[in-house]
Amino acid sequence: MPAGTELLRATIFHTPQNPFQLDINDPHGLDCHQDGGLLIRDGRVEACGDFEALRAANPGAAITDWRAGFLVPGFIDTHVHFPQLRIIGALGRSLLDWLECVALPEEARMADVTYAADTARQFLRALASHGTTTALVFGAHFGSATAQLFEAAASSGLRIVSGLVLSDRLLRPELHQTPEQAYRESAQLIDRYHKRGRLIYAVTPRFALSTSDSMLEACQQLITEHPDVRLQTHVNESVQELAELARLFPWAKDYLAIYDRYNLTTSRSVMAHNIHATDRELERMAAAGTAVAHCPASNAVLGSGVFPMARHIRAGVTCALGTDVGGGVGFGMLKEGLHAYLMQRLAPAGEPLDAARLLYLTTLAGAKALGLDAEIGDFRDGKAADFVYLRPPAGGAMAAAVRHADSPMQALSSLFTMAGAESVREVRVGGDVVYRAEQT
Ligand SMILES: [Zn+2]
């Protein structure tokens, strides 16, 4: 037995098979080991299965006994804004009003590099303490603030995909850059941070409303010159926004056509929201391999609309989940899963969701959206050991609900319904501890 082999004992859940391709009642959607073992070495999964069998086959492995808890793959948040950490919870506004009165004034404060660095550290701590191990993050409109995020991310050990947010109109003047500046500063950040450790760069036009044709052209140039950076943006979020776009881009037949003209609809692209998508847009996204980050809490808070998940699935578009902090309500991906469930439950022709599908949406689907599914997202042999150890606080209602669950699926449902940061005990990325609660 090679030194450094560890066998973690807990109830283990993961979704190596896409449960959306199975019937909702098919038990194969959830891979569960009630008395499970996760064998890890050198930061990678060696095996995942039943504890006793793995112990017998690996007698020298050091055992970590987490029998009272649950192991799931690290959560993947595919849409979150780091500069908005301090403005979570502004209720009662719609998108454009919220941007102007709440989000953009705070984003302007990121000009102060110390303020940005503090926010970045808090932001990464918030992700890790909620069990998020990978996130696709909107940076700031300032190169210096975005560099602070990357620096803090490198120290945090999390997998962070991010980039300088680009806009040249309609926001506040201090948040605008010229396309030339945007190109230059993005290229510098790519040189400095892309593929440094666990960091990946994403070219980040804010949304079509705030980016002129020349800015979108600069984005096209960046992703052409750097063939493995990602691209993130917003699409089809609010009806008001769509009306404004028709005025700004009269030639575009729909929202996606604007991004399409500059070849931004790619297999490296993740677009947030897509609530008001047409069938053409869904077909085009599926053909291009562009993924959608669905952010149910934010969509409800801002009254943006009900996400047509069933149409996305039917069209073959990869959907993952994002918290969309600060339009969203917090960093917890379990809670985001619950919000997705609630929204689909009430939506006309909503997609039926169960705990297996929620786990998939918060883990492997995110890995697919980011093109990282060969590395993370589930516990198949050889994958990176990114995981969350969850255990509800003793004596509380959640612990009681989980203990009395009549099936593992029911226990996982209770976790999605009730669990937040209080239940996150330890989080690892590539086998490295990135968060440990004071009392594990
Ligand atoms: Zn957003």
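Here the structure is shown first, and the text comes after it.
All values reported here derive from a predicted model rather than from experimental measurement. (Residues numbered from 1 in each chain as written. Predicted model: local features only at pLDDT ≥ 70, side-chain atom pairs only at ≥ 80, totals over all residues. Heavy atoms only, no water.)

(A) Seen up close, the overall build of the protein. Each helix and strand counted, the protein has 16 helices and 16 strands in total. Along the first, second and third principal axes, the C-alpha set of the protein runs to 65 × 45 × 40 Å. Relative to its 440 residues, the protein shows a buried fraction of 61%. Within the protein, contacts between residues separated by at least 24 positions form 76% of all contacts whose residues are at least 6 apart in sequence. (Helix = DSSP H or I, 4+ residues; strand = E, 2+ residues; numbered from the N terminus. Buried < 20%, exposed > 50% of the residue type's maximum accessible area, 1.4 Å probe, protein only. Contact = heavy atoms within 4.5 Å.)

(B) Structural context of the coordination of the zinc ion. The zinc ion binds to the protein through His79 (NE2), His81 (NE2), His234 (NE2) and Asp324 (OD), with metal-donor distances spanning 2.1 to 2.6 Å. Considering all four donor atoms around the zinc ion, angles at the metal cover 87 to 172° and the coordination shape is irregular. (Donors = N, O, S within 2.8 Å, 3.2 Å for Na, K, Ca; no water. Tetrahedral: all angles 85-135°; square planar, octahedral: opposite > 155°, others 65-115°.)

(C) Examining the sheet that holds strand 3 (residues 44-50) more closely. Strand order in this open sheet of seven strands is 3-2-1-4-14-15-16, and the pairing throughout is mixed. A strand with exactly one partner marks an edge of an open sheet, and here the two such strands are strand 3 and strand 16 (432-436). When the angles between neighbouring strand axes are averaged without regard to direction, this sheet yields 35°. (Pairing = 2+ DSSP bridges. Axes fitted to C-alpha atoms, helices over the stretch in contact; angles between N-to-C directions.)

(D) Region of interest: the packing of helix 4 (residues 143-156) against helix 5 (residues 179-193). Between helix 4 and helix 5, whose axes approach to 11 Å, the crossing angle comes to 15°. With respect to each other, helix 4 and helix 5 are oriented roughly parallel. Every pair of crossing elements has a handedness; the one defined by helix 4 and helix 5 is right-handed. Each of Gly143, Thr146, Ala147, Phe150 and Glu151 in helix 4 lies in contact with helix 5, whose residues at this interface are Glu185, Leu189, Arg192 and Tyr193. Its residues placed into classes, the contact of helix 4 with helix 5 shows four nonpolar, two polar and three charged. (Parallel < 35°, antiparallel > 145°, perpendicular 65-115°, else oblique. Left-handed = near helix turned anticlockwise from the far one by under 90°. Nonpolar A, V, L, I, M, F, W, Y, C, P; charged D, E, K, R; others polar.)

(E) A look at helix 12 (residues 333-346). With 14 residues, helix 12 ought to run about 20 Å at 1.5 Å a step, and its terminal C-alpha atoms sit 20 Å apart, in line with that. Taken together, the buried positions of helix 12 are occupied by Met333, Leu334, Glu336, Gly337, Leu338, Ala340, Met343 and Gln344. (Expected span 1.5 Å × (residues − 1).)

(F) Expanded view of the pairing of strand 5 (residues 75-81). Of all the seven residues making up strand 5, seven are buried; the element is thus mostly covered by neighbouring parts of the structure. Sheet topology note: the strand 5/strand 6 (residues 132-138) ladder contains five bridges and is parallel. By the bridge assignment, aspartate 77 is partnered in strand 6 with alanine 135.

(G) Layout of the nonpolar core. Within the largest apolar cluster, 127 residues are counted, with the highest numbers of intra-cluster contacts made by Phe123, Leu124, Ile160, Val203 and Tyr259. Leaving out residues up to four positions away in the same chain, valine 203 has contacts with Leu166, Cys219, Leu222, Ile223, Val229, Arg230, Leu231 and Gln232. Grouped together as the second largest cluster of nonpolar side chains are 12 residues, Leu8, Ile40, Ala385 and Phe387 included. (Core = buried A, V, L, I, M, F, W, Y, C linked by side-chain atoms within 4.5 Å.)

(H) Quick peek at unusual backbone geometry. In the segment running from valine 325 into glycine 326, the intervening peptide bond is cis, with an omega of 0°. In this structure, leucine 170 is a non-glycine residue whose phi angle is positive, near 70°. With respect to the secondary-structure elements, leucine 170 resides in the loop between strand 8 (165-166) and helix 5. A relative accessible area of 52% places leucine 170 in the exposed class. Positive phi values are uncommon outside glycine, yet alanine 349 reaches one of about 55°. Summarising the element assignment, alanine 349 is placed in the loop between helix 12 and helix 13 (355-362).

(I) Up close: the side chain of histidine 234. Note that histidine 234 resides in strand 10 (residues 230-235). A polar side-chain atom of histidine 234 sits 3.3 Å from a polar atom in the side chain of histidine 81. For histidine 234, the side chain forms a polar contact with the main-chain oxygen of arginine 206, separated by 2.7 Å. Not counting residues up to four positions away in its chain, the partners in contact with histidine 234 are His79, His81, Phe138, Arg206, Phe207, Tyr255, Tyr259, Ala272 and His273. (Polar contact = N/O pair within 3.5 Å; in protein donor to acceptor, adjacent residues only side chain to side chain.)

(J) Up close: the state of the cysteines. Evaluation of the coordinates by the stated rule reveals zero disulfides. No disulfide involves cysteine 32; its nearest neighbouring cysteine sulfur is the one of cysteine 48, lying 9.7 Å away. Looking at the unpaired cysteine 295, the closest cysteine sulfur is the one in cysteine 319, lying at 11 Å. Judged by its relative accessible area of 0%, cysteine 295 is buried. (Disulfide = S-S within 2.5 Å.)

(K) Spotlight on the pairing of strand 9 (residues 199-205). In terms of burial, strand 9 is largely enclosed, as seven of its seven residues are buried. By the alternation rule, side chains of strand 9 split into Leu199, Tyr201, Val203 and Pro205 and Ile200, Ala202 and Thr204, which are all buried. With three bridges connecting them, strand 7 (residues 159-163) and strand 9 associate as parallel partners. By the bridge assignment for strand 9, valine 161 is matched with isoleucine 200. Bridge analysis of strand 8 against strand 9 gives two bridges, and the strand direction is parallel. Its bridge partner being in strand 9, valine 165 is matched across the sheet by threonine 204. Taken together, strand 8, helix 5 and strand 9 constitute a β-α-β crossover, and its handedness is right-handed. By the bridge criterion, two bridges tie strand 9 to strand 10 in an arrangement that is parallel. Among the inter-strand pairings, alanine 202 is bridged to a residue of strand 10, identified as arginine 230. Traced from strand 9 through helix 6 (residues 213-225) to strand 10, the parallel crossover comes out right-handed. (Right-handed = clockwise from strand over helix to strand, strands pointing away.)

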